[in-house]
Every structure is written in structure tokens, then in C-alpha cells.
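In case you want the letters, here they are:
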Amino acid sequence: MSPEEKLQSNVSDGGLKEHNYLGLSDCSSVGSSNLSGLADDDKATISLKATELTLGLPGSQSPARDNTELNLLGPAKLDEKPFFPLLPSKDEISCSSSQKNLASGNKRGFSDTMDKFSEAKVSVYAEKNWMFPEAVVANQSVVKKEVPQNIPKGKQSTTNNSSSPPAAKAQIVGWPPVRSYRKNTLATTCKNSDEVDGKPGSGPLFVKVSMDGAPYLRKVDLRSYNNYGELSSALEKMFSTFTLGQPGSSGATGKDVRNETRLKDLLNGKDYVLTYEDKDGDWMLVGDFSWEIFIGVCKKLKIMKGSDAIGLAAAPAPRTMEKSKMRA
Amino acid sequence: MNYFPDEVVEHVFDFVTSHKDRNSISLVCKSWFKIERYSRQNVFIGNCYSINPERLLRRFPCFKSLTLKGKPHFADFNLVPHGWGGFVQPWIEALARSRVGLEELRLKRMVVTDESLELLSRSFVNFKSLVLVSCEGFSTDGLASIASNCRHLRDLDLQENEIDDHRGQWLSCFPEAYTSLVTLNFACLEGETNLVALERLVARSPNLRSLKLNRAVPLDALARLMACAPQIVDLGVGSYEDEQDSESCLKLQAAIRKCTSLRSLSGFLEAAPHCLSAFHPVCHNLTYLNLSYAAEINGSHLIRLIEHCKKLQRLWILDSIGDKGLEVVASTCKELQELRVFPTDLQGGGNTAVTEDGLVAISAGCPKLHSILYFCQQMTNAALITVAKNCPNFIRFRLCILEPHKPDHVTSQPLDEGFGAIVQACKNLKRLSVSGLLTDQVFLYIGMFATQLEMLSIAFAGDTDKGMLYVLNGCKKMRKLEIRDSPFGDTALLADVNKYVTMRSLWMSSCEVTLGGCKRLAQKAPWLNVEIINENDNNRMEENGYEGRQKVDKMYLYRTVVGTRVDAPPFVWIL
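These numbers were taken from a predicted model, which means no experiment stands behind them.

Comments concerning the nonpolar core
Nonpolar side chains tend to gather and get buried jointly when the protein is soluble and globular.
Thinking step 1. Core analysis: the biggest nonpolar cluster contains 188 residues, and B:Leu66, B:Phe279, B:Phe397, B:Ile446, B:Leu506 and B:Met555 have the highest contact counts within it.
Thinking step 2. Not counting chain neighbours up to four residues away, the residues in contact with B:Met555 comprise B:Leu493, B:Leu506, B:Trp507, B:Met508, B:Val513, B:Cys518, B:Val530, B:Glu531 and B:Ile532.
Thinking step 3. Listed in part, the 25 residues of the second largest apolar core include A:Leu205, A:Leu235, A:Phe294 and A:Ile303.

Brief notes about helix 10 (residues 246-258) of chain B
Residues and elements named next belong to chain B.
Thinking step 1. If you check helix 10, its first and last C-alpha atoms are 19 Å apart, about what 13 residues at 1.5 Å a residue would give, namely 18 Å.
Thinking step 2. For helix 10, the full list of buried residues reads Ser248, Cys249, Leu252, Ala255 and Ile256. Summarising the axial view, the buried residues of helix 10 lie within an arc of 125 degrees, below the 170-degree limit, and thus occupy one face. Exposed residues on helix 10 whose side chains face more than 90 degrees from its buried face are Glu247, Leu250 and Lys258.

Here we look at the side chain of B:Gln231
Residue and element names in this part refer to chain B.
Thinking step 1. Mapped onto the secondary structure, Gln231 falls in the loop between helix 9 (219-228) and strand 10 (234-237).
Thinking step 2. At 3.5 Å, the side chain of Gln231 and the backbone oxygen of Ser205 are in polar contact.
Thinking step 3. Excluding anything up to four places from it in sequence, Gln231 contacts Ser205, Pro206, Leu208, Arg209 and Ser261.

With respect to the packing of aromatic side chains
Thinking step 1. As enumerated under the stated definition, the model contains 23 aromatic pairs over all chains in all.
Thinking step 2. With centroids separated by 6.0 Å and ring planes inclined at 80 degrees, the aromatic side chains of B:Tyr288 and B:Trp316 adopt a geometry described as edge-to-face. Of this pair, B:Tyr288 sits in strand 12 (residues 288-290) while B:Trp316 sits in strand 13 (residues 314-318), and the two are 28 residues apart along the sequence.
Thinking step 3. We classify B:Tyr288 as buried; its relative accessible area is 12%.
Thinking step 4. Among the residues examined, B:Trp316 registers a relative accessible area of 13% and is labelled buried.
Thinking step 5. Taken together, the ring pairs in this structure connect B:Tyr49, B:Phe74, B:Phe77, B:Trp84, B:Trp507, B:Tyr556 and B:Tyr558 into an aromatic cluster.
Thinking step 6. In this structure, A:Lys302 is placed above the aromatic ring of A:Trp283, and the distance from its NZ or CZ to the ring centre is 5.8 Å.
Thinking step 7. Against the face of B:Tyr49 rests B:Arg565, its NZ or CZ located 4.4 Å from the ring centre.

Quick look at helix 2 (residues 19-26) of chain B
Residues and elements named next belong to chain B.
Thinking step 1. If you check which residues of helix 2 are buried, you get Arg22, Ile25 and Ser26. Buried positions in helix 2, seen along its axis, are confined to an arc of 95 degrees and lie on one side of it.
Thinking step 2. The elements touched by buried residues of helix 2 are helix 1 (6-13), helix 3 (30-39) and helix 4 (53-59).

Overview of the pattern of salt bridges
Thinking step 1. All told, the structure shown has 26 salt bridges over all chains when counted by the stated rule.
Thinking step 2. Between B:Glu36 and B:Arg40 there is a salt bridge, with the nearest N and O atoms lying 2.7 Å from each other. Both residues of the pair, B:Glu36 and B:Arg40, count as buried.
Thinking step 3. Taken together, the shared-partner salt bridges connect A:Arg179, B:Asp76, B:Arg109 and B:Glu160 into one network.

Focus: the environment of B:Tyr374
All names here are of chain B.
Thinking step 1. Assignment of secondary structure puts Tyr374 in strand 15 (residues 371-376).
Thinking step 2. Measuring from C-alpha to C-alpha, the distance between Tyr374 and Arg340 comes to 5.8 Å, with 34 residues separating the pair along the chain.
Thinking step 3. Discounting chain neighbours no more than four positions away, the residues touching Tyr374 are Asp323, Leu326, Val341, Val354, Thr355, Gly358, Leu359, Met379, Arg398, Leu399 and Cys400.

Topic: a nonpolar patch on the surface
Thinking step 1. A grouping of B:Phe4, B:Val8 and B:Val12 is seen on the molecular surface, where their side chains present a nonpolar patch of about 270 Å² in accessible area.
Thinking step 2. By the element assignment, B:Val12 lies in helix 1.

Thoughts on the sheet that holds strand 4 (residues 283-285) of chain A
Residue and element names in this part refer to chain A.
Thinking step 1. The strand order across the open sheet formed by five strands is 2-1-5-3-4, and the pairing between neighbours is mixed. The open sheet has two free edges, formed respectively by strand 2 (218-221) and strand 4, since each of these has just one partner strand. Taking the axes of each pair of neighbouring strands and ignoring which way they run, one obtains an average angle of 35 degrees across the sheet.
Thinking step 2. One ladder, built from three bridges, connects strand 3 (residues 272-277) with strand 4; its direction is antiparallel. In the sheet register, Glu277 faces strand 4, and the bridge partner there is Trp283.

Structural notes on the packing of helix 18 (residues 440-449) of chain B against helix 19 (residues 465-474) of chain B
Residue and element names in this part refer to chain B.
Thinking step 1. Where helix 18 meets helix 19, the axes come as close as 8 Å, and the angle between the chain directions of the two elements is 5 degrees. The angle between the axes of helix 18 and helix 19 places the two elements in the roughly parallel class. The segment helix 18 lies against helix 19, with Asp440, Phe443, Leu444, Ile446 and Gly447 engaging Lys466, Gly467, Tyr470, Val471 and Gly474.
Thinking step 2. Here the residues of the contact of helix 18 with helix 19 are counted per class, giving five nonpolar, three polar and two charged.

Concerning the pairing of strand 14 (residues 338-342) of chain B
Put simply, side chains in a regular strand alternate between the two faces of the sheet.
Residues and elements named next belong to chain B.
Thinking step 1. Of all five residues that make up strand 14, four are buried, and the element is covered over most of its length.
Thinking step 2. As paired elements, strand 13 and strand 14 share five bridges and run parallel to each other. Within strand 14, the position partnered with Ile317 by the bridge is Val341.
Thinking step 3. This β-α-β element, strand 13 to helix 14 (residues 322-332) to strand 14, shows right-handed connectivity.

How each quantity is defined
- By convention here, each chain's residues receive numbers from 1 onward along its written sequence.
- Chain letters start at A and ligand numbers start at 1, both assigned in the order the entries are written.
- Owing to the predicted nature of the model, reporting of local features is limited to residues with pLDDT of at least 70; listing and counting of side-chain atom pairs is limited to 80 or more, with chain, interface and lining totals taken over all residues.
- Values reported for side chains reflect all heavy atoms of the structure, with hydrogen atoms and water molecules removed beforehand.
- Among buried residues, those of type Ala, Val, Leu, Ile, Met, Phe, Trp, Tyr and Cys that are joined through side-chain atoms within 4.5 Å constitute a nonpolar core.
- For every residue, the accessible area obtained with a 1.4 Å probe (protein chains only) is divided by the maximum for its type, and the residue is called buried under 20%, exposed over 50%, and partly exposed between those limits.
- Working rule for contacts: check all heavy atoms of both residues, and any pair within 4.5 Å makes them a contact.
- Elements are defined by DSSP. Helices are runs of H or I of four residues or more, strands are runs of E of two residues or more, and each kind is numbered from the N terminus.
- To estimate how far a helix should reach, multiply one less than its number of residues by 1.5 Å.
- What the arc measures is the spread of directions leading from the helix axis to the C-beta atoms.
- Under the rule applied, a polar contact is a pair of N or O atoms within 3.5 Å (in protein, one hydrogen donor and one hydrogen acceptor; residues adjacent in sequence only if both atoms are side-chain atoms).
- Only centres within 6.5 Å qualify two rings of Phe, Tyr or Trp (six-membered ring in Trp) as a pair; their planes then separate them into stacked at under 30 degrees, edge-to-face at over 60, and tilted for everything else.
- In this scheme, the term charge over a ring applies when either NZ of a lysine or CZ of an arginine sits within 6 Å of the ring centre and within 35 degrees of the ring normal.
- Put simply, a salt bridge is a Lys or Arg side-chain nitrogen that is within 4 Å of an Asp or Glu carboxyl oxygen.
- The residues that make up patches have over 30% relative accessible area and no salt bridge, and they are joined within 9 Å when like-charged or within 5 Å when they are Val, Leu, Ile, Met, Phe, Trp or Tyr.
- Values of accessible area rely on a 1.4 Å probe in the Shrake-Rupley scheme; residue burial ignores everything except the protein chains shown.
- In short, DSSP must find at least two bridges between two strands for them to pair.
- Axis angles are defined between N-to-C directions and span 0 to 180 degrees, where every axis is a line fitted to C-alpha atoms and, for a helix, only to the segment in contact.
- Oblique is the label for any angle not under 35 degrees, not over 145, and not in the 65 to 115 range, which are roughly parallel, roughly antiparallel and roughly perpendicular in turn.
- Polar here means any residue other than Ala, Val, Leu, Ile, Met, Phe, Trp, Tyr, Cys and Pro, which are nonpolar, and Asp, Glu, Lys and Arg, which are charged; Gly is therefore polar.
- By convention, orient the strands away from the viewer: a clockwise path from the first strand over the helix to the second makes the crossover right-handed.

Next comes the structure, spelled out in C-alpha cells:
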């Protein structure tokens, strides 16, 4: 095939220029190189259309917007539906239209020359709105706006990330293609919030939770709970493996550990207490600050045996009273 | 050839182990067909619904090892609803009723129950090896049955399964007299482990070669285990913080130094850096290193470890290693054959940990590289073209640009040329996954050049049916094609129905395929099961009066010799 021959001739030249594999040496127009035989007219037509700023499918022509069956994209869409992951709703599914879907860049020209009947037969790819959580409803009153990510290429697309809502990207079902086992495992060993976002208010806030006698630590995201009660229940579930099946661990409480013991009860029963290490490195009892203040100061959590926690003061107003130190 | 007695021919066949080759042998003549079927030891069934146990047993009455795969690959990414299928129970029941002396069972993406495991453990006296990959539906009770009843068990290998951990005592179910363990992998168990039972088991298993622990095995226990098993070849470390225990770390270091056979290291879900450095003495012998769960370890510590691993052949790592880290890999690991770089930040938050530069560095530095899985935020055509030039030996090339439809970030062009260069240069390419902004052009290149391609994964790519047609027409060896969110429809689906004789399966979700198209295909191709998966509706689509032009959300078709399966749930409609 001629592209192969071209490549080989370039290689044998020992050329120093960077060639794309078709043998054309202009790096900067890697995307604009075409197979020879493309009519210049086609190229020109397509590049004009491709660079037109439109709201809509990549390369779709203006009349497309009159077609109510097409899905249009844009963050400014009027949205009637709540967010849902990718499945297109039935009333949105567009039937085939005769619009030719112009792809990005000049590569399209190749297909143009190959298929003379493309006009009539090609069905438009109705872009499912996987990019944006709002279901999109086609309408004619669309405002022309720069549409991130789906604008025909040939434009700067580097502003995309700033203009599109970051939440949208995260919601594609089954994407990125990482096994759920891996996703779940990594989530449990996630980085500390300080590293995840620069924004302190919105990212997850992971703190390590250890328990006396447990062989390993866990991590919890404090921001995923709204109050102490939720945190307590979650810890109870996480650490119940260590309290159940340990007959006699409750010591003085005399409860039937196997069936009835819950961490909460243990906490309340004063066999274990929940403590935290604050920003100063002091260990404090959990519970006296409001939840919001607590998550701001808590660096680590520890479920201590009640007997070890004797002497640990209840958390006073910060910095105004003495704190008793607890050996970690 | 018929001048030789059967036993001689059979002896010759014993040297032929690959499934493909044995399938070819069986086609030569009736005599060879007969000899081959009675002597086939290992049976591989890539799709458990392509055949049923009865026919399997009729064809191969004497096999010892069975490999079964259930759900389609995209099930890994939650695209296949729960309950779709892939149940192993009927297989085990049928095999148990027969006289097959099953010794090995390898399952992937199947639903396994405790009942199945119990039946398995009681039915096959010589059962030796159980390997479960990405399976679900069972608990540690099932493992207890296996441990209790399989006297000759050698391998219990649980890879990335969803196991309900009842925190029972399954490890203590191995009888005291049992000493034949070779492989024990329970890394995917979430619960607490009976450390005493584990240590005693390891201590009485002189043949133990592969041990992969779960999170709940702390540092001091690890040190003791390694001291008991210095012959270990493959170690999966659990998860541990070393806050207080430097004495355990010293013991670990001492134990590690004795493990001179160690070649393969994995785990490290949470590990403080200086426990990682305890492994430096054995790094020079490592051939496989899997740090892809070590989210806690920052790039510089990873690099320090890898700098010692000059013999590494397979490396699985997180993108926290960065481009700089990959450059270190490229200059250190000259024997590298397989590299997988996984994303740490799954939200696509713009953290450009690895870019095209890392990929190019690896391709330039590692001449033996033939398999790659690379997650990244950005790519360029120029980089891919360079990679193709550097590494024409790729067998597997899987590139996942995290943001769908993302173009070449320098030129803003589609990545058609880059992937085109890859398929054109890599003449032995068998598996390809494409991503980024792609037009029909890339599929033209794939159809033209990827003559050996057997598996292709497409997401958010292409413009028209022509793209898919290029692939179907061009890739003669295509076996598995999986497509999501791409504009391919009925025209492509129906263009060449006979293509689906040579293909194992086709998955299309969120494409342009319609119900009418699927029905027409099912009519034309009676050897196919065409499944429409519609999890939103527990009623069958036909009852709701769906029109032929209705698009189907998920279609999975596969060739089969046994017709419609009987275990399909209500949301699966088989045409």
C-alpha cells in the first residue's frame, strides 16, 4: 500500500525530520496531513465548517439545530431532569437524521472522497450527554456559546477544563475502565485530603483510625459524615470484627460480647473510648466540640480502652485551658 | 500417520499443549480427532455459554483441568448488571455426576456460591488447584469447605474476588496432616485473619511457593511467616503501619534476607516507606513487582525501590511514579516486558502525574517491552508515533486517556495518526484499546494494518458505521470486540453476519444499534445468542411494545452451539 511505501522510503532516507507514519514530515500539521488524492476543495469546505463556532455536535451544520431530534450539549442547558448516569432517556433518543456528521479536523476529507453517497445515508451520531449530568433537551432557543470538549477540533481546547463543571467528568458509568475491585481497594487507601484537592472545604478528609488491639489501621473520610452519630456507627461497623468473637474482652461490663456488643455500646459502656489527636499533637476525648470544629482539628482517631483513657480531659474550649497529655 | 499405534500418536500429542494447536490437530482426520479428544487434559472455554457441560463431557471425557470464563470483559467496569449470569453451579454439578477426575478449576468473572465450593470439594478426590479471578457470590464458608475436604490441594488462588468475609476460621480448616500447599493467595479478603492458624499452615507447608496475604496480617506476623518460609518465590504483603514497631521491621529485614528465591512481590496497600526499603536486598532478583495498590507510597520511595530492580520483567505501578519515575524505570529495567500504569486519581482532577513523555521514555529504554496498559491524562500523536518506532514488538497495547474525546493536547487533532502508527508498526499486535478523540480514520488504519488483532476495545470513538465496518472487514482474526458510547449502528452490525462465526463475542453499549437491527441479526444468525440487557426494565422489552427503531442500551452477542441459555434474568432478553 502506498502509505507503507512512503514510510519505508522515509526511513531509508535516514531522514532527521520527524515523520508521521504516512511519510509526511510536517510535525505541526500531523493532524492536517491527508492521504494524497484528497480534493483541495473538500479540504477547504470541511475546514471551514470544522472551525465554525457552533453549539452542537462536532461538525454539525447550523441547520442541525433546527432538528429537534438532535441532542445538543452545553452546560447552560435548561435542565428538567435530575442527574442520572449515562442511560439515555427514551424520549431523547434521536432517530437517524440525514445530517452528515463532520468529524473534527481535516481527516474527514478522506472519508468524503471514499463515499460518494455519504450525504444521504450517514446517520448522525447523537451525542449522548455523558459529559454532563443534566439530560439535554434539544431546543431552538440555544444560545451560542463555546462548548467545552465537543467543539470541532482545530481550536484551542485547553480551556475546556476550566469551563466545564468538574463534577460532570466523574459521573460516567464504568469510566475510567478500572476494575471495581481496584477502585474500592484504592478508595480505602486514599491519600490524605491535603494532597487531593487544594480546596480544603470540598475534598474528602481522611484520617487514620486505630484501635487498641487491632492489627491494622483503617481510614475514614470525616467529610462523609454529618455528625458524631454517623461517625460512631461507621466505626462500629468497621471495628466490630475486633470486638466480636473476643469473649471476655469487655471485661468488667459482663455483656455477651458475641451477639450484643456494639462499639457504640462499648463506648457508652466505657470499655472503649473514642479519642482523637488534634493539630497540636494532644489526645482528646471526642465529643465536646461541634462537629464542624471537630473535623477541622482532628488529625487522627484512636479507639482506646477506657482504662487507658483515664486522665484524658474532655476537650475544653481550644487553647484556653490546660490539656492533659496522653501518651499515644 | 495411521501406521503408528494410537499410543504413540497420543504420546506425540502430549507435547502439544496450546488449546489452539490441539484444536487444529483434532481437525486433521477422524483418527486424530478421536485420539486427541481422549487425551485432552486441559480444556479452555472462553465463554461459558458457548457450550454446556454435557457436550463438554461427550467431547472430552478425560480432562483434568477446566478453565471457564463467564461475564463479558466490560463487567469489570460495572456495565453488566448484577445477576446477569455466569453461574458455575451447573458445571460443577454435571462434572460431579460424571466420572471426570477433575484436578484443576480456573474461573474468571463467574458467580460461585458456597454450595458450589462445597460440592466441588466433595466430588473430586484428586482436586488440586482452584483459581478464582474476579468472581463473586461466595464467602469464607466456601473456602472452609475447600480447606477441609481437598486433601491434595496445592493451589488456592483468589485474585480480586468479591468474597463475603464471615471472619470464620477457614484457615484452621486445613487438617493438621495437610502439608501439600504450594500457592495461597487470599489478598482480597477483607476481614481479620487467624494468624496462629496461618503461621502453623505456612510452617507445615515446605512446598509453599506463593503466599499473598490480606490487609489483616501485621508486620510482626509477616516477619514470622517469612522466617518460616524462606523458600518463597512470590510474596504478597498485606497492609501495615509501622508506627511503633521498629523491632518488627528489623526482624522483617532479617527474614527477607534469607528469601533468596523471591522473584515476585506485590501488595503494599499501606506501607511506611522504611518497611518498603526492607525489601531492597531482594530487589535485584525480582522479575515481577506489583505496587499498583500502594497509594500511600510517594513517587520517590517507589523509585528508590525500583532502582534496585534490574531484572524486572513485569511492573504494575500507580501513576504517582510520574514521568520522572518512568524514566528511572526505563534506565534501570532493561528486561521489562510488561508495564501497567494505573491512575491514582480516578476523578480526572487534572493531576498530570504521567504524560506522553513517560510512555516515550519507557519505549525508548525497554527494548523487550511487549505489553502495556497506560492510564494518562494526555497524549500526542507525535509521542505515539515515536513509541511505535521504538517498540514494534507490542502484542498488547492499551492506552486509556482518562478524559473521553480528548485530542492531541498539542495540536488539538484526533489521535488517529498516533494509533495508526502503532498498528502499522506492531505487526504482532493481538490486543488493542484505544481512547482519546478518534474519528473513523483510526478504524480504517486498524482494519488495514492490525492483521493479527484478536481483541479490540473502543470507547467514545468514531463517527459513522464505516468505522466499525473497517474493523470487521479488515481484522480477520478478531475474536472479541467491545464497544461503548460510539456511533456505530445497524448497518455495521448487519453488514457481514458470517463474521460472527469466527468471533467469540461482540459487546455494544450506548451505541446506535436498534432493536430492529438486533432482531434481524438474530434471525440471520441462528448460531448466535443476541442478548439485549436492559436493567431499567424488569419486564421484557417486547411486552412493553418497544418499537423496532428503539435503540438498545446494551447488546452482547456470542456464538454458541447450545442455543438460548435458560438462566437469563428478566432484564436480559435473548432474541
